[in-house]
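Remarks on the overall topology
If you want the building blocks of each chain, they are given just below.
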Amino acid sequence: QVQLVESGGGLVQAGGSLRLSCTASGRTFSSYDMGWFRQAPGKEREFVAAIKWSGVGTYYADSVKGRFTISRDNAENTVYLQMNSLKPEDTAVYYCAAVVASSRGISYSRRASYDYWGQGTQVTVSS
């Protein structure tokens with residue numbers, strides 16, 4: 001069992017930046033692949049980015065490529081999402097998710113691939 005807590009959300013103007021953090025506890029953090037999802041009002045939760053347990057291998061939704069960067073610090077049990085050039089359409093609740101790493105490949109963009117989820121942190125981008 002893993003507990004995930006997100007932080008760093010807030011209000012920012014379009015074109016600005018924000019850095020989200022997700023801290024894990026309960027089990028060995030380095031054993032998990034991690035992902036970020038977001039959910040806007042009236043929409044389904046959608047994939048944003050993912051990173052393998054080793055930090056080598058990252059994946060991004062087309063809508064955030066070139067603007068967002070996912071990274072992790074296993075010593076701190078934390079995964080980050082650096083968000084630059086923010087747009088109003090980035091407004092959503094952002095969720096951190098974890099899945100036990102495996103030699104078998106998985107689809108990181110699928111919600112069903114993840115076993116653990118945080119409570120989310122609100123990101124609001126004004127125009």
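Scroll up to find the structure this text is about.
All residue numbers refer to position in the chain's written sequence, counted from 1. Residue-level local features of this predicted model are given only where pLDDT is at least 70; pairs of side-chain atoms are given and counted only at 80 or more, and the full residue set underlies all totals for whole chains, interfaces and linings. Only hydrogens and water are removed before side-chain values are computed, so all heavy atoms of the structure are retained for them.

Description of the overall build of the protein chain
- Helix and strand definitions follow DSSP, with helices as H or I runs of at least four residues and strands as E runs of at least two, each counted in order from the N terminus. Along the backbone of the protein chain there are 0 helices and 11 strands.
- In the protein chain, the succession of α and β elements from N to C terminus is β-β-β-β-β-β-β-β-β-β-β.
- Computed over its C-alpha atoms, the radius of gyration of the protein chain comes to 14 Å, within 12% of the 14 Å expected for a compact globule of 127 residues.
- In terms of principal-axis extent, the alpha carbons of the protein chain reach across some 40 × 25 × 25 Å.
- Here the protein chain holds 127 residues, and 40% of them are scored as buried.
- Contacts were defined at the residue level, with two residues in contact if any of their heavy atoms lie within 4.5 Å. Within the protein chain, counting contacts between residues at least 6 apart in sequence, those at least 24 apart form 59% of the total.
- The accessible surface values rely on the Shrake-Rupley method and a 1.4 Å probe; as for residues, cover is taken only from the protein chains in view. Taken as a whole, the protein chain presents about 6600 Å² of accessible surface, with 44% of it coming from carbon and sulfur.
- Separation of charge centres in the protein chain, based on 13 positive and 10 negative side chains, amounts to 4 Å. The reference for a compact globule is 2.2 Å times residues^0.38; the radius of gyration itself is calculated from the C-alpha atoms. Burial classification: accessible surface area is computed with a 1.4 Å probe over protein chains only, and a residue below 20% of its type maximum counts as buried, one above 50% as exposed, and the rest as partly exposed. None of His or the chain ends enter the tally, which takes Lys and Arg as positive and Asp and Glu as negative. All charge positions are set by atom: Lys at NZ, Arg at CZ, Asp at CG, Glu at CD.

With respect to the state of the cysteines
- Any pair of cysteine sulfurs within 2.5 Å is marked as a disulfide. Tallied over the full model, the rule gives 1 disulfide.
- Bridging C22 to C96, the disulfide has an S-S length of 2.1 Å. Taking the sign of the S-S torsion, about -80° here, the bridge from C22 to C96 comes out left-handed. With C22 in strand 3 (residues 18-25) and C96 in strand 9 (residues 92-100), this pair connects stretches of sequence that are 74 residues apart.
- Residue classification places C96 among the buried residues on the basis of a relative accessible area of 0%.

Some thoughts on the sheet that holds strand 3
- Reading across the sheet, the 4 strands line up as 1-3-8-7 and stay open at both edges, with antiparallel pairing between neighbours. Strands at the two margins of the open sheet, each flanked by one partner only, are strand 1 (3-7) and strand 7 (68-73). On average, adjacent strands in this sheet sit at an angle of 15° to one another, irrespective of strand direction.
- Where strand 3 and strand 8 (residues 78-83) come together, 6 bridges link them in antiparallel fashion. Strands were regarded as paired on the criterion that DSSP finds at least two bridges between them. Only the contacting stretch of a helix is used when fitting its axis, a line to C-alpha atoms as for every element, and angles between N-to-C directions run 0 to 180 degrees.

Quick notes on the nonpolar core
- Counting 36 residues, the largest nonpolar core has L4, M34, W36, V79, L81, M83 and Y94 as the members making the most contacts within it.
- Those elements that place two or more of their residues in this core are strand 3, strand 4 (32-39), strand 5 (46-51), strand 7, strand 8, strand 9 and strand 11 (121-126).
- Among residues more than four places away in sequence, those in contact with M83 are G16, S17, L18, L20, R67, F68, Y94 and V123. Here, nonpolar core refers to any group of buried Ala, Val, Leu, Ile, Met, Phe, Trp, Tyr and Cys residues whose side-chain atoms link them within 4.5 Å.

Describing the side chain of S113
- Relative to the helices and strands, S113 resides in the loop between strand 9 and strand 10 (116-117).
- We classify S113 as buried; its relative accessible area is 16%.
- Any pair of nitrogen or oxygen atoms within 3.5 Å is treated as a polar contact; in protein, a donor-acceptor pairing is required on top of that, and neighbouring residues in sequence qualify only through side-chain atoms on both sides. There is a polar contact of 2.8 Å between the side chain of S113 and the backbone oxygen of S107.
- Residue contacts for S113: discarding those within four places in its chain leaves V99, I106 and S107.

Quick notes on the environment of D90
- Among the secondary structure elements, D90 is positioned in the loop between strand 8 and strand 9.
- Among the residues examined, D90 registers a relative accessible area of 0% and is labelled buried.
- When sequence neighbours within four positions are dropped, the list of residues in contact with D90 reads R38, R67, F68, S85, V123 and V125.
- A polar contact of 2.8 Å, which involves the side chain of D90, links it to the backbone nitrogen of K87.

That is the geometry; function is a separate question.
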